[in-house]
Amino acid sequence: MTSRPALAAPPMLTFDELYGSVGVLGLKFSDKVKALAGQTVAMRGFMAPPLKAEASFFVLTEIPMSLCPFCSSDADWPDNIVVVYLDAKQTFVQPNTTIEVVGTLEYGSWTDPETGFVSLLRLRGADFEAV
Amino acid sequence: MRKMLLALAATTMLTGAAQAATVYPLDRATILAGSPFDFKVEFKENVKPEDVKITVNGQDYKAVFGSDVTFTEAEVGKDDKKLGSAVTLRKLMIAAPGEYTVEASAGDEKKAVTWTVYATPAEPKVKNVIFMLGDGLSVAHRTAARIMSKHMTEGKADGRLNLDDVDLRAFIGTSATDSIATDSANTMSAYMTGHKTAVNAIGVYADRTPDSLDDPRVENIAEALRRTTKKSIGIVTGAEVEDATPAAVVSHTRRRADKADIVGMLYDVKPEVLLGGGSAYFLPKETPGSKRKDDKDFVAMFKDAGYALATDKNELEAASGTNTGKILGLFHTGNMDVTLDRDFLKKGTVDKFPNQPGLVEMTKVALGELSKNQDGFFLMVEGASVDKMSHPMDWERAIVETIEFDKTIGLVREFIKTHPDTLLVVTGDHTHGISLIGTIDDEKPGDDMREKVGVYEKAGFPNYKDENGDGYPDSVDVSRRLAIFANNFPDYYETFRPKLDGPFQPSVQNEKKEYVANEAYKDVPGAVLRIGNLPRSSDTAVHAVDDVVLQAVGPGADEFKGYMEQSDVYRVLVDAMALAPAKN
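As recorded in an unreviewed UniProt entry, chain B goes by the name Alkaline phosphatase, listed as coming from Kaistia dalseonensis. The UniProt entry for chain B carries this comment under Sequence similarities (unreviewed entry): "Belongs to the alkaline phosphatase family."

An unreviewed UniProt entry annotates chain A as DUF3299 domain-containing protein originating from Kaistia dalseonensis.

A. Local environment of the overall build of chain A. Across its full length, chain A carries one helix and seven strands. When the helices and strands of chain A are listed from N to C terminus, the series reads β-β-α-β-β-β-β-β. In chain A, which comprises 131 residues, the proportion classed as buried is 49%. Counting only contacts in chain A whose residues sit at least 6 apart along the sequence, the fraction spanning at least 24 positions is 68%. Split by element, the accessible area of chain A, about 6200 Å² in all, is 55% carbon and sulfur.

B. How the structure looks around helix 7 (residues 259-269) of chain B. Residue and element names in this part refer to chain B. A large share of helix 7 lies buried, amounting to eight of its 11 residues. Where helix 7 is buried, its residues contact helix 5 (221-228), strand 15 (232-240), helix 6 (244-250), strand 16 (273-277) and helix 8 (298-304). Lysine 270 occupies a position one or two residues after helix 7 and carries a positive phi of about 50 degrees.

C. Here's a closer look at the sheet that holds strand 24 (residues 480-486) of chain B. Residues and elements named next belong to chain B. Strand order in the open sheet formed by three strands is 23-22-24, with antiparallel pairing between adjacent strands. Since the sheet does not close on itself, it has two edges, and those belong to strand 23 (453-454) and strand 24, each with one partner. Pairing geometry for strand 22 (residues 434-441) and strand 23, over two bridges, is antiparallel. Across the sheet, threonine 439 pairs through a bridge with glycine 454, a residue of strand 23. Seen against the sheet, helix 3 (residues 139-150) touches strand 22 and strand 24 and runs at an angle of roughly 35 degrees to strand 22. Taken strand by strand, helix 13 (residues 395-418) contacts strand 22 and strand 24, and its axis lies near 100 degrees from that of strand 24.

D. How the structure looks around the side chain of Lys452(B). Residues and elements named next belong to chain B. For lysine 452, the location among the structural elements is in the loop between strand 22 and strand 23. Of the side chains bearing the opposite charge, aspartate 442 lies closest to the buried lysine 452, which forms no salt bridge; the N-O distance is 5.6 Å. Those residues within four positions of lysine 452 in sequence are excluded, and the remaining contacts are Thr439, Ile440, Asp441, Asp442, Lys444, Pro445, Gly446 and Asp447.

E. Up close: the domain arrangement of chain B. Residue and element names in this part refer to chain B. Structurally, chain B comprises domain 1 (17-118), domain 2 (128-434 + 543-577) and domain 3 (489-540). The distance between the C-alpha centroids of domain 1 and domain 2 comes to 33 Å. Summed over both partners, the interface of domain 1 with domain 2 buries about 1800 Å², with 56% contributed by carbon and sulfur atoms. When the buried area of domain 1 at its contact with domain 2 is split by residue, Tyr24, Thr30 and Tyr118 rank highest and sum to 28% of it. Counting across the domain 1 and domain 2 interface gives three salt bridges. The partner of arginine 208 in a salt bridge is glutamate 75, and the shortest N-O contact between them spans 2.8 Å. Put simply, domain 1 and domain 2 have 13 residue pairs in polar contact (both at pLDDT 80 or more) between them.

F. Structural context of the confidence of the model for chain A. Residues and elements named next belong to chain A. Per-residue pLDDT for chain A has a mean of 82; in total, 82% of the residues score no lower than 70. Looking across chain A, the model is least confident in strand 4 (residues 57-61), with a mean pLDDT of 88, and most confident in helix 1 (residues 31-36), with 97. Counting interchain partners and residues more than four positions distant, the pLDDT-below-50 stretch residues 68-72 has 10 contacts.

G. Examining empty space enclosed by the protein more closely. All names here are of chain B. As enumerated under the stated definition, the model contains five cavities of 30 Å³ or more in all. Each pocket or cavity is described by its volume, and for the second largest cavity that value is around 170 Å³. Lining the second largest cavity are 18 residues, with Trp395, Glu396, Ile484, Glu494 and Arg497 sitting closest to its centre. Top contributing element to the lining of the second largest cavity by residue count: strand 24, with four residues. Classifying every residue of the lining of the second largest cavity gives 11 nonpolar, one polar and six charged. Three or more residues apiece are contributed to the lining of the second largest cavity by two domains, here domain 2 (128-434 + 543-577) and domain 3 (489-540).

H. Quick look at the pattern of salt bridges. One pass over the structure, following the stated rule, counts 33 salt bridges over all chains. Here Glu17(A) ties to Lys32(A) by a salt bridge, and the two come within 2.9 Å at their closest N and O atoms. Residue Glu17(A) is found in the segment before strand 1 (19-23), and its partner Lys32(A) is found in helix 1; the two are separated by 15 residues along the sequence. When its relative accessible area of 32% is taken as the criterion, Lys32(A) is described as partly exposed. A salt bridge links Asp243(B) to Arg256(B); its shortest N-O distance comes to 3.2 Å. Here Asp243(B), found in the loop between strand 15 and helix 6, pairs with Arg256(B), found in the loop between helix 6 and helix 7; they are 13 residues apart in sequence, far enough to count as distant.

I. Broad picture of the nonpolar core. Residue and element names in this part refer to chain B. One finds Phe39, Phe65, Trp115, Phe131, Val249 and Phe282 to be the most contacted residues of the largest nonpolar core, which totals 93 residues. With seven residues, the top contributor of residues to this core is helix 14 (residues 568-577). Inspection of this core shows a minimum of three residues originating in each of domain 1 (17-118) and domain 2 (128-434 + 543-577). Those residues within four positions of phenylalanine 39 in sequence are excluded, and the remaining contacts are Val23, Tyr24, Pro25, Ile54, Phe65, Val69, Val87, Thr88, Leu89, Leu92, Val102 and Trp115. If you look at the next biggest cluster of nonpolar residues, it comprises 61 residues, including Val166, Ile409, Tyr521 and Val553.

J. Fine view of the environment of Ala86(B). All names here are of chain B. You can see alanine 86 is positioned in strand 8 (residues 82-92). Distance from alanine 86 to glutamate 75, taken between C-alpha atoms, is 7.0 Å for residues 11 residues apart in sequence. Beyond its immediate stretch of four places on either side in the chain, alanine 86 contacts Lys40, Val41, Glu42, Thr70, Phe71, Thr72, Glu75 and Arg208.

K. How the structure looks around helix 14 of chain B. All names here are of chain B. Taken across its 10 residues, helix 14 has eight buried, putting it largely inside the fold. Val569, Tyr570, Val572, Leu573, Val574, Asp575, Ala576 and Met577 are the residues of helix 14 that are buried. Alanine 578 occupies a position one or two residues after helix 14 and carries a positive phi of about 50 degrees.

L. Looking closely at the packing of aromatic side chains. Evaluation of the coordinates by the stated rule reveals 23 aromatic pairs over all chains. Residues Tyr19(A) and Phe29(A) carry aromatic rings whose centres are separated by 5.6 Å and whose planes lie at 25 degrees to one another, so their mutual orientation is stacked. In this pair, Tyr19(A) sits in strand 1 while Phe29(A) sits in strand 2 (residues 26-29), placing the two residues 10 residues apart along the sequence. Here Tyr19(A) matches Phe29(A) in class, with each residue buried. Seen from their ring centres, Phe485(B) and Phe496(B) are 6.3 Å apart, and the 75 degrees between their planes marks the pair as edge-to-face. Linking Phe485(B) in strand 24 with Phe496(B) in the loop between strand 25 (492-494) and strand 26 (507-509), this pair joins segments that are 11 residues apart in sequence. For Phe485(B), a relative accessible area of 18% puts it in the buried group. According to the relative accessible area criterion, Phe496(B) is buried, its value standing at 8%. Grouping aromatic residues by their ring pairs yields a cluster made of Phe37(B), Phe39(B), Tyr61(B), Phe65(B) and Trp115(B).

What counts and how
Residues numbered from 1 in each chain as written. Chains lettered and ligands numbered in written order. Predicted model: local features only at pLDDT ≥ 70, side-chain atom pairs only at ≥ 80, totals over all residues. Heavy atoms only, no water. UniProt positions renumbered as here; feature names shortened; annotations may be inferred. Helix = DSSP H or I, 4+ residues; strand = E, 2+ residues; numbered from the N terminus. Buried < 20%, exposed > 50% of the residue type's maximum accessible area, 1.4 Å probe, protein only. Contact = heavy atoms within 4.5 Å. Areas by Shrake-Rupley, 256 points an atom, 1.4 Å probe, with all protein chains shown as cover. Pairing = 2+ DSSP bridges. Axes fitted to C-alpha atoms, helices over the stretch in contact; angles between N-to-C directions. Lys, Arg positive; Asp, Glu negative; His and termini not counted. Salt bridge = Lys/Arg side-chain N within 4 Å of Asp/Glu carboxyl O. Domains from an automatic or database assignment. Buried area = accessible area lost by both parts, 1.4 Å probe. Polar contact = N/O pair within 3.5 Å; in protein donor to acceptor, adjacent residues only side chain to side chain. pLDDT = per-residue confidence, 0-100. 1 Å grid on protein atoms, 1.4 Å probe; cavity = no way out; pocket = protein on both sides within 12 Å on 5 of 7 lines; lining within 4 Å. Points joined across faces, edges and corners; volume = space filled by probe spheres on them. Nonpolar A, V, L, I, M, F, W, Y, C, P; charged D, E, K, R; others polar. Core = buried A, V, L, I, M, F, W, Y, C linked by side-chain atoms within 4.5 Å. Phe/Tyr/Trp six-rings, centres within 6.5 Å; stacked < 30°, edge-to-face > 60°.

In structure tokens form, the structure reads like this:
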């Protein structure tokens, strides 16, 4: 595991800080997410195994996830997930390990063109390491 | 000897030459007279349309079916795999009851099936049917709920569940058309259509093509009610309203995961009362939290169709006074939180959705609204999380869900006292491999939790208390609690304790798509790693194939008896409401 160059540490964003309000009729992004959009941020969580081998992204979750056997379509993730697009391919980290991801924060609905996976929050140009 | 050889040769030739085509509906299907259904024959080879021969009771099919089939020369599977030819006839309807033997052949392929088309009695026995389904409800759930809620002294229960006084009627066989094992889609579909189908499928026979929405359809109870009556329809669940069980009341898909499409089918049928979770599939794609992939706004569409909308307990109370006759209650983006989290521990997602109603409150509002209809109603109430908490082996949550389901049965039984023209059915859709085997006693010596499991006379009686008399234990975390185990499991850490911090997540997936024990529970004092006995692709405990117990009271209930296939239950429901009255 290589450590990152000692640049100024990017601001840390937690899963609790993603939404300002959560309700039946939709979620509202937090002011912090809006303020940090387009900037490099760090997030800690758990890496869900790639949905498909060819997918260029993975899902970062707050807690280690297991999904019910009959509803494991991409739509059955909890609300508070972040989709991570890596700059370069990285090896999957064991599911019980916390990772820290650094990437450019993006928010708003976006459909992955290859898989059709709809996400609300993304970290682009990202890399990660186990912590 | 010579005769025997000849006979043998003849049999071999028959099976060798005649490949079996597949005919939907399958052999031994039972069909409500006058109900529309799709007919399909799948041939294994490409055949010529002029070679396809179909007879019904020996006559050309058109005389009975009334119209022509559509011929597809070559159906295509995944990766352009050639599947063979097919013929289809959509929305076929047979009005006259009787036995129908359908023979289909082309080239050397041949298949004969026999369907039973049935009418109902001419006069209904009841005005209302209330169908209460404890998802995954097994015998151990009710035993544990009785002991946890009512307690036990010297081997006799100190009180009775509401469930205990609904007459026991039948054992239900839950198997699917493709497997002895089963899930909530095909099982509820059997109850709600009278046809068995494949695991994962709802309101269709599972054909071979990849499209999940083109499979041969059969009529469901909501469509039958709309076609033949003016009764109201209600659906109440703690799950997403587009989850398999509620979906089976109204929808048609080979894949229960087609939840966005299922919401569209709910909208097509428009049940007068629709209460549960799952709002994420009602919101347009652009709304954060939406799980749709299009711009349809079903909340707005339902409101435009005259529905009063409720998103929490207070709004539900307000909506119950509506004069539009229609209530849409969506109380969570996903599955609603369970009783133990909602009312006691405040865990799960209760911080985000703090004011969710429970099953009793939702059912009360549903009954109040539906009973305004002079023509009667059909209400489906699902205790969804008995199953959703049994999968991860979160026994305290599963048993408290069973108690809540039982309290809802109590409410319904009160309703029936003043509405005796009601048939009440209480059942499960499938079972779980769950058993109650004794107690876990913290007072037993040592730190080894296994040695604290009390069996036989050492189990004694648990020490749950219910000081406030609400039927729920004041705490589930007592020093001598129920010892419940699953007979099947993935790798997980057994803690022998209630999960007070939120629902149990026994396993997590690794990069090989195998489930491994969730190490979040590794450091719980006394936790031990149990190596699973399920395939490593299983994330949680699975459904059991064991029969389900069906209970029922009210006019028509005596039609339930002995062993019944799950699909036979539908006939009792439609008989009670006389949905296909026999003509003299």
